[in-house]
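In case you want the letters, here they are:
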Amino acid sequence: MWDSFIPDLLVAAFGAALTVGIAYVTYVVRVRRGEAQAIRSLLREMHNRRALAVRSERPIPGAATLDDFRRCTSSVISMRAEVRHARDRSRNLSAVQEPLAKMTSALNRYLSESAADPDEYPALLGNLRRKLEPLAVELAAFEHIEPLLPGHGAR
């Protein structure tokens, strides 16, 4: 009995370490896949947003009463929620968190500026799209995927 105690103890310790190592690798892979999925989803969502599609940026008098203004505002609020979701699912890496934080800031800036001057919302949407494009490219480069530019896939 005591002759096999040390080898049995070594086998048990090795098995436990191997189990912990496999569990850790599985956890890291799952977190990384969740992050990648959230970023890809965000980029696809922004790519297909009609609010960010290229259009005339001329002021529209009385825009506050138009359905298009309300739909665009709602779309930007929805995008902000998508960015927040991606931030929650992402690791605390500056390569991911910084572009997402800048996206949130740009979306918030659009919402406050368009609320202050609704007639200028087409120009503000153009500015928003131009601010989001390099951030989308940055996130796509981090994920090693082809960049989907905001609004360019809208129908």
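For the structure itself, consult the block above.
Everything numeric in this text was worked out from a predicted model, so none of it was measured.

A. Focus on the packing of helix α1 (residues 5-47) against helix α4 (residues 121-143). Packing of α1 against α4 brings their axes to within 10 Å, and their N-to-C directions diverge by 150°. It follows from the interaxial angle that α1 and α4 lie roughly antiparallel. Read as a crossing pair, α1 and α4 show a hand that is left-handed. Listed contacts from α4 to Arg32, Glu35, Ala36, Ile39, Arg40, Leu42, Leu43 and Met46 of α1 are Leu132, Ala136, Leu139, Ala140, Phe142 and Glu143.

B. Main features of the packing of aromatic side chains. Scanning the model with the defined rule gives one aromatic pair in all. With a centroid separation of 5.3 Å and 70° between ring planes, the pair formed by Phe69 and Tyr121 is classed as edge-to-face. Taken together, the positions of Phe69 in helix α2 (residues 67-89) and Tyr121 in helix α4 put the pair 52 residues apart, joining distant regions of the chain. Across the pair, exposure class does not vary: Phe69 and Tyr121 are buried alike.

C. The arrangement of unusual backbone geometry in detail. A positive phi is found at His144, a non-glycine position, where the angle reads about 60°. Within the secondary structure, His144 is located in the segment after α4.

D. Seen up close, α1. With 43 residues, α1 extends 63 Å from end C-alpha to end C-alpha; this agrees with the ideal 63 Å at 1.5 Å per step. Residues of α1 that are buried sit in contact with α2, α3 (94-116) and α4.

E. Summary view of the side chain of Glu143. Along the polypeptide, Glu143 turns up in helix α4. There is a polar contact of 3.0 Å between the side chain of Glu143 and the side chain of Arg32. The residues touching Glu143, leaving out its near neighbours within four places in the chain, are Arg32, Glu35, Ala36, Ile39 and Arg40.

F. Layout of the layout of surface pockets. For the largest pocket, the calculated volume is near 200 Å³. Residue lining of the largest pocket: Asn48, Arg49, Arg50, Ala51, Arg55, Asp68, Arg71, Cys72 and Ser75, and that is the complete set.

G. Fine view of the environment of Thr65. Considering the arrangement of structural elements, one finds Thr65 in the loop between α1 and α2. Within polar-contact distance, the side chain of Thr65 engages the backbone oxygen of Gly62 at 2.8 Å.

Reading guide: rules and limits
- Residues numbered from 1 in each chain as written.
- Predicted model: local features only at pLDDT ≥ 70, side-chain atom pairs only at ≥ 80, totals over all residues.
- Heavy atoms only, no water.
- Axes fitted to C-alpha atoms, helices over the stretch in contact; angles between N-to-C directions.
- Helix = DSSP H or I, 4+ residues; strand = E, 2+ residues; numbered from the N terminus.
- Parallel < 35°, antiparallel > 145°, perpendicular 65-115°, else oblique.
- Left-handed = near helix turned anticlockwise from the far one by under 90°.
- Contact = heavy atoms within 4.5 Å.
- Phe/Tyr/Trp six-rings, centres within 6.5 Å; stacked < 30°, edge-to-face > 60°.
- Buried < 20%, exposed > 50% of the residue type's maximum accessible area, 1.4 Å probe, protein only.
- Expected span 1.5 Å × (residues − 1).
- Polar contact = N/O pair within 3.5 Å; in protein donor to acceptor, adjacent residues only side chain to side chain.
- 1 Å grid on protein atoms, 1.4 Å probe; cavity = no way out; pocket = protein on both sides within 12 Å on 5 of 7 lines; lining within 4 Å.
- Points joined across faces, edges and corners; volume = space filled by probe spheres on them.

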